[in-house]
Amino acid sequence: MRKFKKYQKNLAKEGITQEQQEKLFNAKVLVMGAGSLGSNVIMNLAALGVGQIKIIDGEIIQETDFNRQLIHKYKNIGRAKVMSAKDWIQEFNPDIKVELDKTKLHELNYFNTIENYDIIVDCFDTNEAKYMLNEIAIRHNKILVHGGVRGFRGQVTTIIPNRTGCLSCAIQKPRFFKDEEFAVLSPVASVISSLQAQEVFKLITGEGELLLNKIQVFDGLKSEFKILNFAKNALCETCSNPLGF
Ligand SMILES: [Zn+2]
């Protein structure tokens, strides 16, 4: 069939079934952040054939983004990142439906943003935003694919409310968020975001083993992957008491 032509290499030997490709066509994924992780997550989801992608990012493109944010073009400095990301997707694959939101996510405005999406990919760049998103996802029963990078290291885990521990269970939430700027290097961000896209693929198709109650840690200098197990913490303020009672 014509619509499968682009995905011939997904469907070849040792790949996926036509039914799984249909699931990818019919899937809707929300990507929070169109920066270093978001760029590569968006590119991978588009290439897999995910049918609908919503992108949230309140920032504009700056010169300092060009060591890692692969989806943007230098000529578009000053343009909203969400617009630039949409352009990339439409040039790559015009069949993909793209939704955008330029508002900065905060506690009060998230509901309309997330309500039609069951899978959220955390591509935010600050701990404060990541822990806020973790709380929102748990409260509204949304699956969250977390990814984070710092220097040459990064980590990925998949959080399913009521089934796994949350981000605070895996990595204790700091009492205060310091205003520190850490390096982000493109190869490390690309590895982590590719792993996030792989988790989304597994969630949609049902293929393979998800990183549930497991956090995959990557060290780019040692070329080393480790998987660390964690458990839901009965005292976790986020996932053991999501309604705040
Ligand atoms: Zn928790």
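Summarised in this report is the structure supplied together with it. Residue positions are counted from 1 within each chain, in the order its sequence is given. Since the coordinates come from a predicted model, pLDDT governs what is reported: local features require at least 70, and pairs of side-chain atoms require 80 or more to be given and counted, while whole-chain, interface and lining totals use all residues. Side-chain descriptors were evaluated using all non-hydrogen atoms of the structure, hydrogens and water having been removed beforehand.

### Some words on helix α6 (residues 127-139)
Here α6 is 13 residues long and its end C-alpha atoms lie 18 Å apart, about the 18 Å a rise of 1.5 Å per residue gives. Partly exposed describes any residue whose relative accessible area lies between the buried limit of under 20% and the exposed limit of over 50%, with all areas from a 1.4 Å probe on protein chains only and scaled to the type maximum. Under the DSSP-based scheme used, a helix requires at least four consecutive residues in state H or I and a strand at least two consecutive residues in state E, with every element numbered from the N terminus. Among the 13 residues that make up α6, 10 are buried, leaving the element largely enclosed by the rest of the structure. The complete set of buried residues in α6 reads Ala 129, Lys 130, Tyr 131, Met 132, Leu 133, Asn 134, Glu 135, Ile 136, Ala 137 and Ile 138. How far a helix is expected to stretch is found by multiplying one less than its residue total by 1.5 Å.

### Some remarks on the pattern of salt bridges
For salt bridges, the criterion is a side-chain nitrogen of Lys or Arg within 4 Å of an Asp or Glu carboxyl oxygen. Evaluated as defined, the whole model comprises 14 salt bridges. With its nearest N and O atoms 4.0 Å apart, the salt bridge here joins Asp 65 to Arg 68. Take Asp 65: its relative accessible area is 5%, and that puts it in the buried class. In this structure, the salt-bridge partner of Lys 142 is Asp 118, at a minimum N-O distance of 3.8 Å. Taken together, the residues span a long stretch of sequence, with Lys 142 in the loop between α6 and β5 (143-150) and Asp 118 in the loop between α5 (110-114) and β4 (119-122) at a distance of 24 residues.

### With respect to the side chain of Glu 199
Residue placement: Glu 199 occurs in helix α8 (residues 186-205). Overall, the relative accessible area of 1% leaves Glu 199 in the buried class. By the criterion applied in these results, polar contacts are pairs of N or O atoms within 3.5 Å in which, for protein atoms, one can donate a hydrogen and the other can accept it, and in which residues neighboring in sequence qualify only through two side-chain atoms. Separated by 2.8 Å, the side chain of Glu 199 and the backbone nitrogen of Leu 211 make a polar contact. Contacts between residues were defined by any pair of non-hydrogen atoms, one from each residue, lying within 4.5 Å. Setting aside its immediate chain neighbours within four residues, Glu 199 contacts Val 145, Val 156, Thr 158, Glu 209, Leu 210 and Leu 211.

### As for the sheet that holds strand β1 (residues 28-32)
If you trace the eight strands from one edge of the open sheet to the other, you get β3-β2-β1-β4-β5-β6-β7-β8, paired in mixed fashion. Because the sheet does not close on itself, it has two edges, and the strands there are β3 (97-101) and β8 (224-229). Along the sheet, successive strands turn relative to each other by an average axial angle of 15 degrees, direction set aside. One bridge is not enough; two strands pair if DSSP finds at least two bridges between them. Both strand β7 (residues 214-219) and β8 contribute to a ladder of six bridges, which runs antiparallel. Directly across from Val 217, in β8, lies its bridge partner Lys 226. Between the N-to-C directions of two axes lies an angle of 0 to 180 degrees, each axis being a line fitted to C-alpha atoms and, for a helix, fitted only over the stretch in contact. Strands β2 (52-56) and β3 of the sheet are contacted by helix α4 (residues 81-92), whose axis makes an angle of about 175 degrees with β3.

By themselves, these observations are geometric and do not establish any function.
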